[in-house]
Structure formats: C-alpha cells, structure tokens
Amino acid sequence: MNSVILKVMGGDMDPQVPDEAAKLVRLRDHLTELGVRAELRDNNSALMVHRPYNGLPVWVFVGYGGAFYSWQSAEKRHPVNDVKGAAQTLSDYIVGRVF
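The sections below set out a description of the structure shown in this document. (Residues numbered from 1 in each chain as written. Predicted model: local features only at pLDDT ≥ 70, side-chain atom pairs only at ≥ 80, totals over all residues. Heavy atoms only, no water.)

### Description of the overall build of the protein
Note the cut-off: The numbering of helices and of strands both runs from the N terminus, where a helix is a DSSP run of H or I of at least 4 residues and a strand a run of E of at least 2. To sort residues, take the accessible area from a 1.4 Å probe on protein chains only and compare it with the maximum for the residue type: under 20% means buried, over 50% means exposed, and anything in between is partly exposed. Any pair of residues with heavy atoms lying within 4.5 Å of one another is described as a contacting pair. Accessible surface is estimated by sampling points in the Shrake-Rupley manner with a 1.4 Å probe; for residues, cover comes only from the protein chains shown.
Summing up its helical and strand segments, the protein has three helices and five strands in all. Start at the N end of the protein and walk to the C end: the helices and strands fall as α-α-β-β-β-β-β-α. Put simply, the protein has 99 residues, and 41% of those count as buried. Taking all contacts inside the protein whose residues are at least 6 apart in sequence as the whole, residues at least 24 apart take part in 31%. Accessible surface, the protein: about 5,800 Å² in total, of which carbon and sulfur atoms supply 51%.

Spelled out as structure tokens, the structure:
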C-alpha cells in the first residue's frame, strides 16, 4: 500500500507528506464509498479514477494553489474543502451524467 495512504489512514501525517497527496487520498476514500475505483499513483501527485466501462481513466490533480481538485486538463474542477461534493461531481462526470 502507498505510504501516503497508510499515513492518512493512521492519522499520522508526516510533515514531509505533501498536503496535495493527503487531499487526493481523502478524495479517493469518498469515491470508494460511492463505488468508484480510484488509486493514488506512486509519486503521490495524481489520482487515477477508473471509468465503470471501457475507456481511459480520468486523472485528478490538486491545483490552483491547493484549492481545487481538477481534471480534464483543468477544465473541470471542484473545491478541495468540499471533498464529498467533489467525489459526487467526479462520479457523475465519469459515468456521463455531467458534461
């Protein structure tokens, strides 16, 4: 398991773990609750969200100074302070309910 995920799960956040990685782990956890498969990549800089059907995954990053989750070349974004809403918006996006 990824070291950042282990630290977030254990509540033991190392000051050297980037805040962006912790935000991505939280988003991944909320996506999992919605039944969406997502995984933090090895370098902890992106979340790969799998589509429920054949197709390329959606890559999610934390950008805009750490204030937003962004995807689709930063054309889509959601504030990081609303992780639950971001997960729902992203879930709707990957199944085609939001364009």
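### Considering the packing of aromatic side chains
Short version of the rule: Think of it this way: a Phe, Tyr or Trp ring, Trp meaning its six-membered ring, pairs with another when their centres are within 6.5 Å, and the plane angle makes it stacked under 30 degrees, edge-to-face over 60, tilted otherwise. Any Lys NZ or Arg CZ that is within 6 Å of a ring centre and within 35 degrees of that ring's normal is treated as a charge sitting over the ring.
All told, the structure shown has two aromatic pairs when counted by the stated rule. Ring centres 5.7 Å apart and planes at 80 degrees place the aromatic pair Tyr 64 and Phe 68 in the edge-to-face group. Positioned over the ring face of Tyr 64 is Arg 77, at 4.7 Å from the centre of the ring. For the cation-ring pair, Arg 77 lies above Phe 68, with the distance from its terminal atom to the ring centre recorded as 5.4 Å.

### Examining the sheet that holds strand 1 (residues 38–40)
Put simply, the rule is: Two strands make a pair as long as DSSP finds a minimum of two bridges between them. Orientation is described by lines fitted to C-alpha atoms, with helices fitted over the stretch in contact, and by angles between N-to-C directions that extend from 0 to 180 degrees.
The strand order across the open sheet built from five strands is 1-2-3-4-5, with neighbouring strands paired in antiparallel fashion. Across the chains shown, the open sheet's two edge strands, defined by having one partner strand only, are strand 1 and strand 5 (76–79). Put simply, the sheet's adjacent strands are angled 25 degrees from each other on average, direction ignored. Two strands pair when backbone bridges link them, and strand 2 (residues 47–49) and strand 3 (residues 58–63) are joined in this way by three bridges, in the antiparallel orientation. Its bridge partner lying in strand 3, Leu 47 is registered against Val 60. Sheet strands touched by helix 2 (residues 19–33): strand 1, strand 2, strand 3 and strand 4 (68–71). Its angle to strand 3, the strand with the most contacts, is close to 135 degrees.

### What about helix 3 (residues 83–94)?
What counts, and what does not: Given the number of residues in a helix, its expected span is that number minus one, multiplied by 1.5 Å.
Here helix 3 is 12 residues long and its end C-alpha atoms lie 16 Å apart, about the 16 Å a rise of 1.5 Å per residue gives. Burial runs high along helix 3: nine of the 12 residues are buried. When we look at burial in helix 3, the residues that qualify are Val 83, Gly 85, Ala 86, Ala 87, Leu 90, Ser 91, Asp 92, Tyr 93 and Ile 94. Buried residues along helix 3 sit in contact with helix 2, strand 2, strand 3, strand 4 and strand 5. Gly 96 sits one or two positions beyond helix 3 and adopts a positive phi of about 90 degrees.

### Quick notes on unusual backbone geometry
Its identity as a non-glycine residue notwithstanding, Asn 44 has a phi of 65 degrees, on the positive side. Summarising the element assignment, Asn 44 is placed in the loop between strand 1 and strand 2. For Asn 44, a relative accessible area of 16% corresponds to the buried category.

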